[in-house]
Structures are given as C-alpha cells and as structure tokens.
Amino acid sequence: MTAPPYPLPHPPPYPPPYPRRHPAPSPAPDGLPWRAGPYARALRTGRGPLYLRRSDDGRLLPLEVERWCAGADEADRTVLRRCTGPVLDIGCGPGRLVAALAALGRPVLGIDTAPEAVARTRALGGAALCRSVFGPLPGEGRWGSALLLDGNIGIGGDPAVLLERVRGLLAPGGLLLAEAAPEEVEERVEVRLDDGGGDGGGTQPWFPWARLGRTALRRRARAGGWTVVAQWSAYGRSFLALRGPAERAGRAERADSRADTPRTTGAPAATAAVTSAVTDTASSQERG
C-alpha cells in the first residue's frame, strides 16, 4: 500500500465543533504512514489488529493483516489466472501475490512504500521495490497487467488520478485487475493507521484514502477510458477486470505518420524489456 507524493488539494470540510479526540488532520508525506509504526509492527508479526481510523467520525475500518501475510488463497487465484504478460503488483504488501506469480514463472514486480513489506516480499523470493506508484517506475508503458487488490484502489485518495496513472504504466490494451469494496460505497476520506490500542491512532499521520464498491468502480473506470471486460465474486470478495485503450492519445496519429517505416518494436520486445527489468531487480536484491 502506498500514499501519494502530494497532499489533497482541498481537504474535506469538518463539521464544527470537530471532535476533540480526532484533531483536524494534515496530510502525511509520501508513504510515511506505512513505513513504520503499527503497519510495520503488524507485518513483522504477521497479525493484527490493525485498522484505518476515519477522521470524520472516528469509525475503524479493519485491515486483514493475517490474510495478507498468508499465501495466496483461492479468491486471489481467480485474479492471478487472468494476468497476462509481465505483472506489476501495486501496493504489494508482504508479497503473497508476487510470490504466487513468481512460482508460476511469471515476470512480476511488486512495489510498496513500506520497507517492511518490500523485505517480506523479497524474503519470499519475489522481486520488489520500495517505490510509490506515483513516482518513477521501471517499464512504464510496457506492463501487461497491473494489480490493485486489498483495498489499494484507495491509494492516494482519488481513484480517477490513480486509474489514470495505471493507464500510463500499462502497455496499450493492458489489463488492470482491481478489487472493489464488499459493499456499494463511494467515498473519499482521510484516515490514519490504528492498532486498536485505545489512543485513537496516537501520533500517526493522517492521509487521504478512498473506497469504491463495484458500481462506483465500474463508473469511474468507464469515465477514465477503461473497458470492463469481466466482473466476478469469490469467497466474499469482488473483482473487476479492466482493459485499457488499445492506443494512447496521440499514439494513433504518430503511428499513421510512420505507416511506411518498418517496426522494430512490439509486444514481444516490450515484454522482454519488462522481464529484463524484473530480472535485474531480483539480481540486485541477491547481491544486496
């Protein structure tokens, strides 16, 4: 899981008087909430409790640490079977999906802003980088598939911005496999990590987050130029497969102007380039 490298441009209003136990939040720097504190501790132990505490009403949203730290389950596998080409797992957490795909011989790279998550992913034999999805990444515009599971559609607090960023990471016509919230919801909130210790999250920084149910995710995706190619549920979880446009804006025009020029690149070359990046990442991990 990651947080964006910028604050929300207009933090949501808070009704006066703001509850005393929840002081008005100020957005956290890039990835800071996930780098230490309760999240890092939960990953080290492999168990919760761990929550996202909302700033508006103080409610707790549970995080499934034990499931994340286990192996890929049957619901996960319904997603992984749909992956094509090299795969980018955005907000890979402790790495169960990266490890499962790597075991199948798939080129896959996980990214996460939490060093503890990256360390766990590498310990499972997966390739992972400590990066934000909003920062520079290897293989941009060449990934065959991207994953946004475990609530990661909420990264950055603005799904439209995140979906646009993922479009730029995928090859034309690439596939985004995203998980929706179990209930029909569409909200942008500010939250902070809370281990349930009774201090309301203490000094943990607030950061923007979002939640989308299936209907809202479909609507947001279509508005962003994605095609919904599949939707399914498995073991109480909901997923959508979204196909990016076959051509990016401006690319078709450039292609027409080069119609008589022999092509030296294509899907196989792009796949080879991303596979090489994943291999190089794994090799550098071993040297480290």
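Residues numbered from 1 in each chain as written. Predicted model: local features only at pLDDT ≥ 70, side-chain atom pairs only at ≥ 80, totals over all residues. Heavy atoms only, no water.

### Looking at helix H5 (residues 96-103)
- Of all eight residues in H5, six are buried; the element is thus mostly enclosed.
- Residues of H5 that are buried: Arg96, Leu97, Val98, Ala99, Ala100 and Leu101.
- Once H5 ends, the next one or two residues include Gly105, with phi positive near 85°. (Buried < 20%, exposed > 50% of the residue type's maximum accessible area, 1.4 Å probe, protein only. Helix = DSSP H or I, 4+ residues; strand = E, 2+ residues; numbered from the N terminus.)

### Some words on the pairing of strand E7 (residues 170-180)
- Of all eleven residues that make up E7, nine are buried, and the element is covered over most of its length.
- Two strands pair when backbone bridges link them, and strand E6 (residues 143-148) and E7 are joined in this way by five bridges, in the parallel orientation. In the strand pairing of E7, Ser145 is matched with Leu175.
- Crossover handedness for the path E6 to helix H7 (residues 159-169) to E7: right-handed.
- Here E7 runs beside strand E11 (residues 237-243); their pairing, made up of six bridges, is antiparallel. Pairing of Ala178 across the sheet is with Leu240, part of E11. (Pairing = 2+ DSSP bridges. Right-handed = clockwise from strand over helix to strand, strands pointing away.)

### Here we look at the state of the cysteines
- On inspection of all chains with the given rule, the structure shows zero disulfides.
- With no disulfide of its own, Cys130 has Cys92 as its nearest cysteine by sulfur position, at a separation of 9.2 Å. (Disulfide = S-S within 2.5 Å.)

### Focus: the packing of helix H2 (residues 37-45) against helix H6 (residues 115-123)
- Put simply, H2 and H6 touch, their axes get as near as 9 Å, and they point 20° apart. For the element pair H2 / H6, the angle class is roughly parallel. Remark: the crossing between H2 and H6 carries left-handed chirality. Between H2, through Tyr39, Ala40, Leu43 and Arg44, and H6, the contact on the second element is made entirely by Glu116, Ala117 and Arg120.
- Per-class residue counts for the contact of H2 with H6 are four nonpolar, no polar and three charged. (Axes fitted to C-alpha atoms, helices over the stretch in contact; angles between N-to-C directions. Parallel < 35°, antiparallel > 145°, perpendicular 65-115°, else oblique. Left-handed = near helix turned anticlockwise from the far one by under 90°. Contact = heavy atoms within 4.5 Å. Nonpolar A, V, L, I, M, F, W, Y, C, P; charged D, E, K, R; others polar.)

### Some thoughts on the nonpolar core
- Counting 48 residues, the largest nonpolar core has Tyr39, Leu52, Ile90, Leu148, Val166 and Leu176 as the members making the most contacts within it.
- Each residue touching Leu52, except ones within four places of it in the same chain, is listed here: Trp34, Arg59, Leu60, Leu61, Leu63, Val191, Arg192, Leu193, Phe207 and Trp209.
- By size, the runner-up hydrophobic cluster in this structure holds 21 residues, among which are Ala75, Leu97, Leu175 and Ala230. (Core = buried A, V, L, I, M, F, W, Y, C linked by side-chain atoms within 4.5 Å.)

Take it as geometry only, folks, not as evidence of what the structure does.
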